[in-house]
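Working through the structure, step by step
Now for the letters of each chain:
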Amino acid sequence: MKKPLIAGNWKMHKTLAEAKAWVDRVKASLAAGKHAGPSPSLAVFPPATMLYAMVGAVKDAGLNIAIGAQNVHYEPSGAYTGEISAAMIRDVGCSMVLVGHSERRHVFHEPDGWMGRKVTAALDAGLSPIYCVGETLGQREEGRTHAVLEAQLSSGLSARMEVDRVAVAYEPVWAIGTGVNATAEQAREAHGFIRSWLGRTFGKAKAAEALILYGGSVKPGNAGELLSQPDVDGLLVGGASLEAESFIAIAASSV
Ligand code: PGA
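To keep things clear, this report deals only with the structure shown in the data block. Just so it is clear, the structure is predicted and the values come from calculations on it, not from any experiment. (Residues numbered from 1 in each chain as written. Predicted model: local features only at pLDDT ≥ 70, side-chain atom pairs only at ≥ 80, totals over all residues. Heavy atoms only, no water.)

1. Some details on the overall build of the chain
The line we're drawing: Secondary structure follows DSSP: runs of H or I at least 4 residues long count as helices, runs of E at least 2 residues long count as strands, and numbering of each begins at the N terminus. We compute the radius of gyration from the C-alpha atoms alone; for a globule the expected value is 2.2 Å times N to the 0.38, where N is the number of residues. Categorising residues by exposure relies on relative accessible area from a 1.4 Å probe, with only protein chains included: less than 20% of the type maximum marks a residue as buried, more than 50% marks it as exposed, and the intermediate range marks it as partly exposed. Should any heavy atoms of two residues lie within 4.5 Å, those residues are counted as being in contact. In short, Shrake-Rupley with a 1.4 Å probe defines the accessible areas, and a residue's cover is counted only from the protein chains shown. Neither His nor the chain ends contribute to the count of charged residues, in which Lys and Arg are positive and Asp and Glu negative. Charged side chains are reduced to one point each, which is NZ for Lys, CZ for Arg, CG for Asp and CD for Glu.
Helix and strand counts for the chain come out as eleven helices and eight strands. Against the compact-globule benchmark of 18 Å for 255 residues, the chain has a radius of gyration of 17 Å, which places it among compact chains. For the chain, the spread of C-alpha atoms along the principal axes amounts to about 45 × 45 × 35 Å. Burial analysis of the chain (255 residues in total) assigns 51% to the buried set. Taking the intrachain contacts of the chain between residues at least 6 apart in sequence as the baseline, contacts between residues at least 24 apart amount to 73%. Summed over its atoms, the accessible surface of the chain is roughly 11200 Å², and 55% of this surface lies on carbon and sulfur atoms. Between the mean site of the 24 positive side-chain charges and the mean site of the 25 negative ones, the chain shows a separation of 3 Å.

Here is the structure:
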């Protein structure tokens, strides 16, 4: 049985004091038993300014929560003002990183061509990337969802990769931050397509092991239904991860 992964993406939110208070509240929620049964794996992706402190804060609290960065540059170092490298992320104790989040692709216009380099840089530095893919509403309405997912998967993941260290997150752009989540049927269909692409690229056994997360307007009220779909192995949660209690309620729906 694969352990589900429940990951929180904080985007550009929280001060360090608020982040530490979140850790305390997660600890209290877990101690209060709101998270009974076999646990999912938990991860959180805070802003880069607080990665180092968050690694220490979860450790001090005795919590098993992986900390990751929200983005990474593909070069190891150099004149790239404002960027951080995979080795730097690893150096402060992180174990994970998001690559290709839809806001990076659509708000900051990161091209498909960078994605494979970013995933490779993350793996080379010892990080586990979550590679995000997803279609816009227009692309879905034009019937191009599969073509878009396939192009994003093939630009980000290559057959030479250790796919067991990469998770894929299906995040339809129209569902992110909109309050409109994909239906269980839409998630099942897209995740099935991603699993079959992974099977063609990496072989069936590795594809079966790969984690495919759903993201886009996940809340405590819809997490259980989404997670119960075949091929949905976890969740990438934005807004609802900011409150410790709702993050833990979402994690509890995986057990
Ligand atoms: P949301 O964001 O849960 O706020 O829709 C998801 C994400 O961007 O990963």
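2. A short note on the sheet that holds strand β8 (residues 234-237)
The cut-off we apply is this: DSSP-based pairing: two strands are paired if at least 2 bridges between them are found. Angles shown run from 0 to 180 degrees and are taken between the N-to-C directions of axes, each axis being a line fitted to C-alpha atoms and, for helices, limited to the stretch in contact.
An order of β1-β2-β3-β4-β5-β6-β7-β8 is seen for the eight strands of this closed barrel, with the pairing classed as parallel. Mean inter-strand twist for the sheet, computed between neighbouring axes without regard to direction, equals 25 degrees. Taken together, the four bridges between strand β1 (residues 5-9) and β8 define a ladder with parallel strand orientation. The partner of Ala7 across the bridge, within β8, is Leu236. Contacting β4 (96-99) and β5 (128-133), helix α5 (residues 112-124) crosses the sheet at an angle of about 160 degrees to β5.

3. What about the site of the ligand?
Let me state the cut-off plainly: Near is defined per residue: the residue qualifies when any heavy atom it owns lies within 4 Å of the molecule or strand. Within 3.5 Å is the distance limit for a polar contact, defined as a pair of N or O atoms, with the added protein rule that one can donate a hydrogen and the other accept it, and that residues adjacent in sequence qualify only through two side-chain atoms. Throughout, the ten residues Ala, Val, Leu, Ile, Met, Phe, Trp, Tyr, Cys and Pro are labelled nonpolar, Asp, Glu, Lys and Arg are labelled charged, and all others, Gly among them, are labelled polar.
Looking at the ligand, there are 14 residues lining it, with Lys11, His101, Glu171, Gly177 and Ser217 nearest. Contacts to the ligand include Glu171, whose side-chain N or O atom sits 2.7 Å from an oxygen atom. Here Ser217 contributes a backbone N or O atom positioned 2.8 Å from an oxygen atom of the ligand. In the complex, the protein chains occlude 94% of the 280 Å² of accessible area that the ligand would expose alone. Partitioned by chemical class, the residues of the shell around the ligand number five nonpolar, seven polar and two charged.

4. Thoughts on the pairing of strand β6 (residues 167-170)
By the alternation rule, side chains of β6 split into Ala167 and Ala169 and Val168 and Tyr170, which are all buried. Summarising the sheet, β5 and β6 pair through four bridges and their orientation is parallel. Looking across to β6, one finds that Val133 is bridged to Tyr170. Bridge analysis of β6 against strand β7 (residues 211-215) gives four bridges, and the strand direction is parallel. Pairing of Ala169 across the sheet is with Leu213, part of β7.

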